[in-house]
Amino acid sequence: MIKKTKRLLLIPLIWLAALVFLFEEFIWDATARFMARLGALRAIHAIEKHIAALPPRWAVLAFLLPSSILIPAKLIGLHAIANGQLMLGSIAFVLAKIAGMALFSRIFNLTRPALMQVLWFSRLYEWIMFYRNRIHAYLDNWPAYQQVKRRLAALRFMIKGRGRLLRFLRRVRKHRQL
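Residues numbered from 1 in each chain as written. Predicted model: local features only at pLDDT ≥ 70, side-chain atom pairs only at ≥ 80, totals over all residues. Heavy atoms only, no water.

A. Molecular detail of the packing of aromatic side chains. Taken as a whole and judged by the stated rule, the model has seven aromatic pairs. Plain terms: the ring middles of phenylalanine 130 and tyrosine 131 are 5.0 Å apart, the flat faces sit at 85 degrees to each other, and that makes the pair edge-to-face. We classify phenylalanine 130 as partly exposed; its relative accessible area is 46%. Three or more aromatic residues joined by ring pairs make a cluster, and in this case those are Phe63, Phe104, Phe108, Trp120, Phe121 and Tyr125. (Phe/Tyr/Trp six-rings, centres within 6.5 Å; stacked < 30°, edge-to-face > 60°. Buried < 20%, exposed > 50% of the residue type's maximum accessible area, 1.4 Å probe, protein only.)

Here's what the structure looks like:
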């Protein structure tokens with residue numbers, strides 16, 4: 001009886017973990033590409049160069065700073081939701097989450113060597129990665145998760161394909177007008 005109850009409670013948590021991982025992977029990849037393109041701008045590149053050269057303790061501060069700045073934006077979004085502004089609050093929260101993940105991933109990539117020199121940070125990182133990899137291994141062996149990943153990959157391919165097709169059609173139209 002207890003095992004059956006435990007299993008029933010575990011299934012929604014597994015689905016939630018799967019959705020979180022899929023969302024995280026999609027957003028992380030998309031924002032990483034965007035931030036890398038943004039980093040090609042001369043002014044941004046100069047700032048990134050300084051961030052990458054920070055000593056370990058300053059790298060930790062640079063790494064944590066975007067999270068602390070965006071927490072108020074997330075709270076504003078939650079406050080708007082609590083006050084009945086569901087759409088506005090959701091948009092504010094999601095945008096703050098995406099912006100935070102974009103900054104978080106970029107700054108982490110820039111400061112990773114310095115961050116790994118901080119003992120508590122490197123231990124925390126190893127611990128997080130150990131459990132993240134265990135969860136991924138579990139989910140990757142789950143047929144429903146594999147099916148959702150395949151469908152999302154197909155959707156991404158279709159969206160990219162349509163974007164390429166639209167760009168091609170615009171070029172053809174532009175060429176005909178000349």
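Following the structure, the description resumes.
B. How the structure looks around the pattern of salt bridges. This model, assessed by the stated rule, comprises one salt bridge. Put simply, glutamate 48 and arginine 106 hold a salt bridge, and the shortest N to O gap is 2.9 Å. Residue glutamate 48 is located in helix α2 (residues 42-52), and its partner arginine 106 is located in helix α4 (residues 86-115); the two are separated by 58 residues in the primary sequence. A relative accessible area of 9% places glutamate 48 in the buried class. (Salt bridge = Lys/Arg side-chain N within 4 Å of Asp/Glu carboxyl O. Helix = DSSP H or I, 4+ residues; strand = E, 2+ residues; numbered from the N terminus.)

By themselves, these observations are geometric and do not establish any function.
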